[in-house]
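Summary of structural features
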Amino acid sequence: MMKKTFTTIMFVCATLAGTLRAQTPGDIENLLSQINADSLLRTVMDLQNFGSRFALREGGNIEVAEYLIQRLNNYGITAEIDSFYKTDYNWLVGNVGQWFYNVKGVLQSPNPKDDSLVLIGAHLDAISYDQNYQLQSFAPGADDNASGVAVMLELARICHENGLQFRRDIHFMAFDGEELGLYGSYFDAQKRAQANEKIAIMLNNDMVSYQPDDNWRVKLHWYNNALDIVSRAADLCAQYTNIDPVIPSESENEDSQYSDSYAYYQSGFRAVFAIEYTFSTSYHSIHDVWDSNNYAYHADIARYNMAMLMDYAESTNVGIDEHPAVSNTHVYPNPVANTLTVQYRLDEDSPVNISVLDLTGRMVLYKPEALQSAGINHTELDFTSLPAGIYMCQIRTKRGVETVKVIRM
C-alpha cells in the first residue's frame with residue numbers, strides 16, 4: 001500500500017447485525033475449504049525470498065514478474081509481462097526513469113455471457129525505509145503486498161484444480177510500481193479504458209494477512225460508482241468467512257485512493273478494495289516478514305475473494321446464492337430536502353424492507369417489511385426530521401441488499 005501514513009478511522013457497517021450469516025451450499029463449502037493457508041504462506045515466502053521487490057532496484061522487478069508468470073502458467077492460465085517505461089518525480093526517491101513490469105494472466109470463458117471481464121489484482125512491488133525515510137536494501141513486503149498477490153495466485157490454483165469454468169473472462173493482474181504512485185495500475189486501467197474494455201468488477205487486495213487477535217475484521221473500501229458492489233462484498237464475506245466486513249463511512253473512506261483500485265475508479269471502472277482492519281505494525285519496514293502474519297485469517301480473505309469471483313464471473317460449475325431480487329435502484333430528488341422517493345425493480349414478488357443509516361451506522365429511518373409485486377416499485381421516505389449530511393439507503397429482500405447514497409440538504 002502506497003500511503004505514507006495511516007490514520008485510525010471509524011467505520012459504518014454495510015448491513016444490519018445478524019442478517020448476513022447463512023447456511024452455505026455444500027458445493028461452495030467444499031470449494032472454499034480447498035483454499036489452503038500453507039499455499040498462501042508458500043507464495044508469501046517465495047516473494048519475500050527475493051530480498052527486495054523495490055521497483056527501482058537494479059534490474060527492477062522483472063524476475064518477480066517472471067516468477068508470477070510461471071506460477072500462473074502452472075495453473076493453466078496464459079500470462080505475459082506487460083512492461084512500460086515511466087518517468088516521474090516521487091517525494092521519496094526524486095526523479096524516476098525506469099522500466100516497470102506488470103503481469104497479466106487470462107482465464108478465458110468458453111461461453112461468455114457478454115464482453116465484460118472480472119479482474120483480480122494486487123501489487124507485486126514492496127518498499128522499506130527507516131524512521132527518517134531512508135530507503136533500506138531489504139524490502140520483504142510480506143504483508144504489503146505479497147499477501148494480496150498470494151490471494152490472486154490461490155484463486156488461480158483453485159480454478160485450475162477444480163476445472164472451473166466461468167461466463168466471463170477472468171484477468172489475474174500483478175501491478176508494479178504501486179508504492180511509487182500506482183504506476184502499474186494507472187498504466188493498465190488507462191490502457192483498458194482507451195481500448196473500450198468493460199470490467200464487471202475489479203477486486204483489489206492490499207495488505208490482507210496481518211491479524212493479531214481473535215476479532216477478525218476486514219475493511220472494504222468503496223467507490224461512488226460501485227456502492228452495490230461493496231454491499232455485495234460485505235454480504236459474501238460475512239456469509240462465507242469468519243471475518244466481519246466493515247465499510248468505512250464517506251468521510252472516512254479516504255484510504256480508497258491509496259491502492260490500485262483507485263486507478264481503475266479514475267478510469268470509470270467499478271472496484272472494491274479489501275485491507276486488514278488492524279493495520280500492520282511493520283508497514284514499509286524490514287520487519288514486514290512472513291511470520292508476522294496470520295495465515296488462517298489470510299485464507300478467509302481468499303475465501304471472500306473466491307466467492308466474489310464465482311459470483312461476478314458466474315461460475316457454471318458450482319452454485320452460489322443468487323443476486324438480490326432488487327435491481328435498477330434510483331432515489332430522487334438527490335440531494336433531498338423533505339421527501340425521498342425510492343424506485344427499484346423486483347424480478348419476483350418479494351418481502352421488502354427499507355432502512356436509512358447515518359455515517360455512524362445508526363438506523364435513522366425504517367420502512368417495515370411488506371410484500372411487494374414484481375416490477376417497478378416506489379416507496380417514499382420522510383427526511384424532514386434528519387439533519388443535513390450523507391446517508392446510506394438500503395433496500396433489502398431475502399436474497400440480498402442494494403445500497404444507495406443519499407445526501408440530505
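Since we're looking at a predicted model, the values are computed, not measured. (Residues numbered from 1 in each chain as written. Predicted model: local features only at pLDDT ≥ 70, side-chain atom pairs only at ≥ 80, totals over all residues. Heavy atoms only, no water.)

What follows deals with the overall build of the protein chain. In terms of regular secondary structure, the protein chain is built from nine helices and 16 strands. The C-alpha atoms of the protein chain give 21 Å as radius of gyration, which agrees with the globular expectation for 409 residues (22 Å, within 12%). Projected onto its principal axes, the C-alpha coordinates of the protein chain cover approximately 65 × 45 × 45 Å. In the protein chain, which comprises 409 residues, the proportion classed as buried is 58%. Taking the contacts inside the protein chain whose residues are at least 6 apart along the sequence as the reference set, 78% of them involve residues at least 24 apart. (Helix = DSSP H or I, 4+ residues; strand = E, 2+ residues; numbered from the N terminus. Rg over C-alpha atoms; globule rule 2.2 N^0.38 Å. Buried < 20%, exposed > 50% of the residue type's maximum accessible area, 1.4 Å probe, protein only. Contact = heavy atoms within 4.5 Å.)

Quick look at helix H2 (residues 37-48) now. Compared with an ideal rise of 1.5 Å per residue, which puts 12 residues at 16 Å, H2 spans 16 Å between its outermost C-alpha atoms and is within 8% of the ideal. Of the surrounding elements, those touching the buried residues of H2 are helix H3 (62-74), helix H4 (142-161) and helix H9 (295-313). Looking at where H2 begins, the residue whose side-chain oxygen comes 2.7 Å from the main-chain nitrogen of Asp 38 is Asn 36. (Expected span 1.5 Å × (residues − 1). Polar contact = N/O pair within 3.5 Å; in protein donor to acceptor, adjacent residues only side chain to side chain.)

Moving on: the environment of Phe 269. With respect to the helices and strands, the residue Phe 269 is situated in the loop between helix H8 (261-266) and strand E9 (271-276). Sequence separation of Phe 269 and Ala 200 is 69 residues, and the distance between their C-alpha atoms is 8.0 Å.

The next point concerns the sheet that holds strand E11 (residues 339-346). On the basis of which strands lie adjacent, the open sheet formed by three strands has the order E10-E11-E14 and antiparallel pairing. Only two strands of the sheet have a single neighbouring strand rather than two, namely strand E10 (326-332) and strand E14 (375-382). Between one strand and the next, the sheet's axes are offset by a mean angle of 20°, whatever the strand orientation. In this sheet, E11 lies alongside E10 in antiparallel orientation, the contact comprising five bridges. The partner of Val 326 across the bridge, within E11, is Leu 346. (Pairing = 2+ DSSP bridges. Axes fitted to C-alpha atoms, helices over the stretch in contact; angles between N-to-C directions.)

Counting buried residues along H4, 18 of its 20 residues qualify, which places the element largely inside the surrounding structure. Looking one or two residues beyond H4, the residue adopting positive phi is Gly 163, at roughly 60°.

It is worth spelling out unusual backbone geometry at this point. Cis rather than trans, the peptide bond between Asp 144 and Asn 145 has omega equal to 10°. Looking at the secondary structure, you find Asn 145 in helix H4. Each neighbour pair has its own omega, and for Asn 334 with Pro 335 the value is 15°, a cis peptide bond. Relative to the helices and strands, Pro 335 is located in the loop between E10 and E11. The phi dihedral of Leu 182 is positive, around 60°, even though this residue is not glycine. When you line up the elements, Leu 182 lands in the loop between helix H5 (178-181) and helix H6 (183-194). Unusually for a residue other than glycine, Asn 196 sits at a positive phi of about 60°. Here Asn 196 shows up in the loop between H6 and strand E6 (198-205). On the basis of relative accessibility, which here comes to 61%, the residue Asn 196 falls in the exposed class.

What follows deals with the packing of aromatic side chains. Inspection of the entire model under this criterion finds 14 aromatic pairs. With a centroid separation of 6.2 Å and 50° between ring planes, the pair formed by Tyr 264 and Phe 269 is classed as tilted. Taking relative accessible area as the criterion, Phe 269 reaches 7% and is therefore assigned buried. Through successive ring pairs, a cluster of aromatic residues spans Phe 84, Phe 100, Tyr 183 and Phe 187. (Phe/Tyr/Trp six-rings, centres within 6.5 Å; stacked < 30°, edge-to-face > 60°.)

By size, the foremost hydrophobic cluster in this structure holds 76 residues, and its most contacted members are Leu 68, Phe 172, Leu 220, Val 272, Met 306 and Met 308. Take this core: its biggest share by element is 13 residues, from H9. In terms of nonpolar packing, the next biggest core, distinct from the first, is built from 20 residues, Val 342, Leu 386, Val 404 and Val 406 among them. (Core = buried A, V, L, I, M, F, W, Y, C linked by side-chain atoms within 4.5 Å.)

Moving on, we get to the packing of H2 against H9. In the contact formed by H2 and H9, the axes pass within 8 Å of each other and the chain directions differ by 100°. The orientation of H2 relative to H9 falls into the category roughly perpendicular. For the pair H2 and H9, contact is made by Ala 37, Leu 40, Leu 41 and Val 44 and by Tyr 295, Ala 296, His 298 and Ala 299, respectively. Residue composition of the contact of H2 with H9, grouped by class: seven nonpolar, one polar and no charged. (Parallel < 35°, antiparallel > 145°, perpendicular 65-115°, else oblique. Nonpolar A, V, L, I, M, F, W, Y, C, P; charged D, E, K, R; others polar.)

Right, let's talk about the side chain of Asp 144 for a bit. Residue position: Asp 144 is located in helix H4. One buried charged residue, Asp 144, forms no salt bridge at all, with the nearest opposite charge on Arg 53 at 7.1 Å. Among the polar contacts made by the side chain of Asp 144, one reaches the side chain of His 284 at a distance of 3.2 Å. Not counting chain neighbours up to four residues away, the residues in contact with Asp 144 comprise Met 1, Arg 53, His 123, Asp 125, Ala 126, Glu 179, Asp 206, Met 207, Tyr 283, His 284 and Asp 288. (Lys, Arg positive; Asp, Glu negative; His and termini not counted. Salt bridge = Lys/Arg side-chain N within 4 Å of Asp/Glu carboxyl O.)

In this section: the side chain of Ser 128. Examined against the element boundaries, Ser 128 turns out to sit in the loop between strand E4 (116-123) and H4. With relative accessibility at 2%, the residue Ser 128 sits in the buried group. Side-chain polar atoms of Ser 128 contact the backbone oxygen of Phe 138, separated by 3.2 Å. At 3.2 Å, the side chain of Ser 128 forms a polar contact with the backbone nitrogen of Ile 286. The residues touching Ser 128, leaving out its near neighbours within four places in the chain, are Gln 134, Leu 135, Gln 136, Phe 138, Ala 139, His 284, Ser 285 and Ile 286.

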